[in-house]
Amino acid sequence: MTAPARPEPAASGNAPTGHRSIIIILLVAAFVVILNETTMNVALASIMGDFGVTERAAQWLTTAFMLTMAIVIPVTGWLLERLHTRTVFTLAMVLFSLGTAIAAVGPTFALLLAGRVVQASGTAVMMPLLMTTIMQLVPPHGRGQMMGNISMVIAVAPATGPTLSGLLLQLGSWRYIFAFVLPIALAILALGRAKLRNANEPRPIPLDIVSVPLTVLAFGPLIYGLSLIGDSTVPFWEPMLAIGVGIAGLIGFAARQFVLQSRDRAFLDLRTFTFGTFTVALMMMAIGMMALFGTIIMLPLLLQRVYGLEPIQVGLMMLPGGVAMGVMGPLVGRLYDRLGPRALVVPASFVVLGVFVAFSFLTPSTPWWLVTVGHMLMSTSFAFIFTPLFTVALGSLPKRLYSHGSALIGTIQQVAGAAGTALFVTVFAMQSEAAAAAGASEARAMLEGAHWAFLGAGAVWTAAVVAGFFLRRPPEDEDADADDSPAAFAH
């Protein structure tokens, strides 16, 4: 590996050409790795047929990906402090490309699963790297627009994943999905190695060998347990035991970080939570991810089971919402730079609440296009919510906590997504079963379950509506080097 170049100084205005090229490379890389997250859902049936595995076994291709992300993302806080930007980028893309190659040619289901785990390890590093680098290179008055670009990547990539995989499956084997992604990943790796400049100055922070197993013990069982809630094929005690182990591990992990923070050697620095704006924004982000992931699970289920639509039709119906959310990201970022967070977040939060209420009144005669319009309204509103939240959360931290804040955001996204899915599925299943036992038809029973699931989501979302009134734009001088002093942590 070539000797690392010194990082360029932060710009006083908008990012110069050298900085823009770094950010563009990272944005493209992030789009590719996130696109890969949602490509497997459509291909599970084909994989089950080829390898002769059950649905529950095939679902591990998604579950294992989530588990790996949840375990690796907390490590990135240390990784981004310890290594140069270029080195971390290379590590992420090498892992992702290697995992893609293994999955593309793996002759057994076990090797396919191993490839997905290696892929997830690279994916987990990329998003914190992107967010941290933007905070290091872009001055405060231009961050809204840049975070809008991140929101575009986060929204459009997973929305187009199922559509892309559906088209590739029409051409042939599910292996075409990995064969399509691999050369793109290798090209990005080569481009990044040739063009990427370092944006940070690493610090020799030792790796705490106690924190690593605690990370596995905390986030692995927690995500696993949440992903099993509502699954009628597993005994009730299994997810409860996993969640209990995860909570115990989480307590141990937090206690260990408090000890290490006193020596400025924390694996994942929890002093980020002493900044009120960061905490409020992170709480809203968590609730938003719960709502978004729960809706992504619920709407396709209703559209197929109640309205009798084909999977490809459902994928095309959900696509406009994801694209709208992504397209709005840069525009919302520019509006944030002019108006601040509250003027965007508060009205959008009320729109999301209204959509939840509207979805709770769906009937068998509701036109499918109304569901699509509701989904587009919700997705567009989330664009007005997530872009300011990303910007406010990280902008309220001092420079030395950027990497830890990015890692915490990524970790919370994984946990909240799993929790939102579990909440929706559990309420939906319980209420649907009760309605069916009372004599309702299958369609009516499912709509009854959806009614309570969306009302429950709306009730939880009210906390985000209230929290939006407490957001404020971080002062630009919070990025001053003085904030890196120990006194700044008393904020």
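Located above this text is the structure these notes cover.
Just so it is clear, the model here is predicted, and its values are computed rather than measured. (Residues numbered from 1 in each chain as written. Predicted model: local features only at pLDDT ≥ 70, side-chain atom pairs only at ≥ 80, totals over all residues. Heavy atoms only, no water.)

### With respect to the overall build of the protein chain
We count it as follows: Numbering of helices and strands starts at the N terminus; helices are DSSP runs of H or I of at least 4 residues and strands are runs of E of at least 2. Residue burial is assigned from relative accessible area. The probe radius is 1.4 Å, only protein chains are included, and a residue is buried under 20% of its type maximum, exposed over 50%, and partly exposed in between. Computed with the Shrake-Rupley method and a 1.4 Å probe, the accessible areas treat only the protein chains shown as cover for residues.
Helix and strand counts for the protein chain stand at 15 helices and zero strands. With respect to the three principal axes, the spread of C-alpha positions in the protein chain is 65 × 55 × 45 Å. Of all 491 residues assigned to the protein chain, the portion counted as buried reaches 56%. Accessible area of the protein chain: about 19,300 Å², with a carbon and sulfur share of 70%.

### Let's talk about the environment of Ile150
We count it as follows: In what follows, a contact means two residues having at least one pair of non-hydrogen atoms within 4.5 Å.
Its location among the elements puts Ile150 in helix H6 (residues 143-171). Sequence separation between Ile150 and Phe386 is 236 residues, and the spatial gap between their C-alpha atoms is 9.8 Å. In this structure Ile150 touches Leu27, Met127, Leu130, Met131 and Ile134, once residues within four positions along its chain are discounted.

### Some remarks on the environment of Ser211
For clarity, the threshold we go by: The term polar contact refers here to a pair of N or O atoms within 3.5 Å; inside protein, the definition further demands a hydrogen-donor-capable atom paired with an acceptor-capable atom, and it admits residues adjacent in sequence only when both atoms are side-chain atoms.
Note that Ser211 resides in helix H8 (residues 211-228). Once the C-alpha coordinates of Ser211 and Phe267 are considered, the two residues, 56 residues apart in sequence, prove to be 6.6 Å apart. The contact partners of Ser211, leaving out residues within four places of it in the chain, are Phe253, Arg256, Gln257, Leu260 and Phe267. Within the structure, Ser211 has its side chain in polar contact with the side chain of Asp208 (distance 2.5 Å).

### A closer look at the pattern of salt bridges
Note the threshold: Only one rule defines a salt bridge in this text: a Lys or Arg side-chain nitrogen within 4 Å of an Asp or Glu carboxyl oxygen.
Scanning the entire structure with this criterion turns up two salt bridges. With a closest N to O distance of 2.7 Å, Arg256 and Asp208 form a salt bridge. Separated by 48 residues along the polypeptide, Arg256 in helix H9 (residues 237-261) and Asp208 in the loop between helix H7 (175-195) and H8 bring together distant segments of the chain. Judged by relative accessible area, which is 8%, Asp208 ranks as buried.

### Section: the packing of aromatic side chains
The criterion, for reference: Between the rings of Phe, Tyr and Trp (Trp by its six-membered ring), a pair exists once the centres lie within 6.5 Å; its type follows the angle of the planes, with under 30 degrees stacked, over 60 edge-to-face, and the other angles tilted.
Summed over all chains, the structure comprises 11 aromatic pairs. Between Phe356 and Phe454, the ring centres sit 6.4 Å apart and the planes meet at 35 degrees, which makes this aromatic pair tilted. With Phe356 in helix H12 (residues 342-359) and Phe454 in helix H15 (residues 442-468), this pair connects stretches of sequence that are 98 residues apart. For the pair Phe356 and Phe454, a shared accessibility class is recorded, and that class is buried.

### Overview of the side chain of Ser432
Position of Ser432 relative to the elements: it lies in helix H14 (residues 402-437). Looking at Ser432, its side chain comes within polar contact range of the main-chain oxygen of Phe428, at 2.7 Å. Beyond its immediate sequence surroundings of up to four residues, Ser432 is in contact with Ala445, Met446 and Gly449.

### A closer look at helix H3 (residues 55-82)
Since one α-helical turn is 3.6 residues long, residues separated by three or four positions face the same way. Put simply, the rule reads: Here, expected helix span is obtained from the residue count minus one, scaled by 1.5 Å. Here the bend at a residue is taken as the angle between two axes, fitted respectively to the seven residues that end there and the seven that start there.
For H3, which comprises 28 residues, the first-to-last C-alpha distance of 41 Å matches the rise-based estimate of 40 Å (1.5 Å per residue) to within 8%. Most pronounced at Leu61, the bend in H3 amounts to some 35 degrees. The backbone nitrogen of Ala57 lies 3.2 Å from a side-chain oxygen of the residue at the head of H3, namely Thr54.

### Overview of the nonpolar core
The test is simple: We define the nonpolar core as a collection of buried residues of types Ala, Val, Leu, Ile, Met, Phe, Trp, Tyr and Cys that are connected through side-chain atoms lying within 4.5 Å of one another.
Of all hydrophobic cores here, the largest spans 136 residues; its most connected members are Phe89, Met93, Met126, Phe382 and Trp461. Residue contributions to this core peak at 15 residues, all from helix H10 (residues 276-305). Beyond its immediate stretch of four places on either side in the chain, Phe382 contacts Gly288, Ala291, Leu292, Met325, Val352 and Trp461. Ranked by size, the runner-up nonpolar core spans 16 residues in total, among them Met40, Leu61, Leu112 and Ile177.

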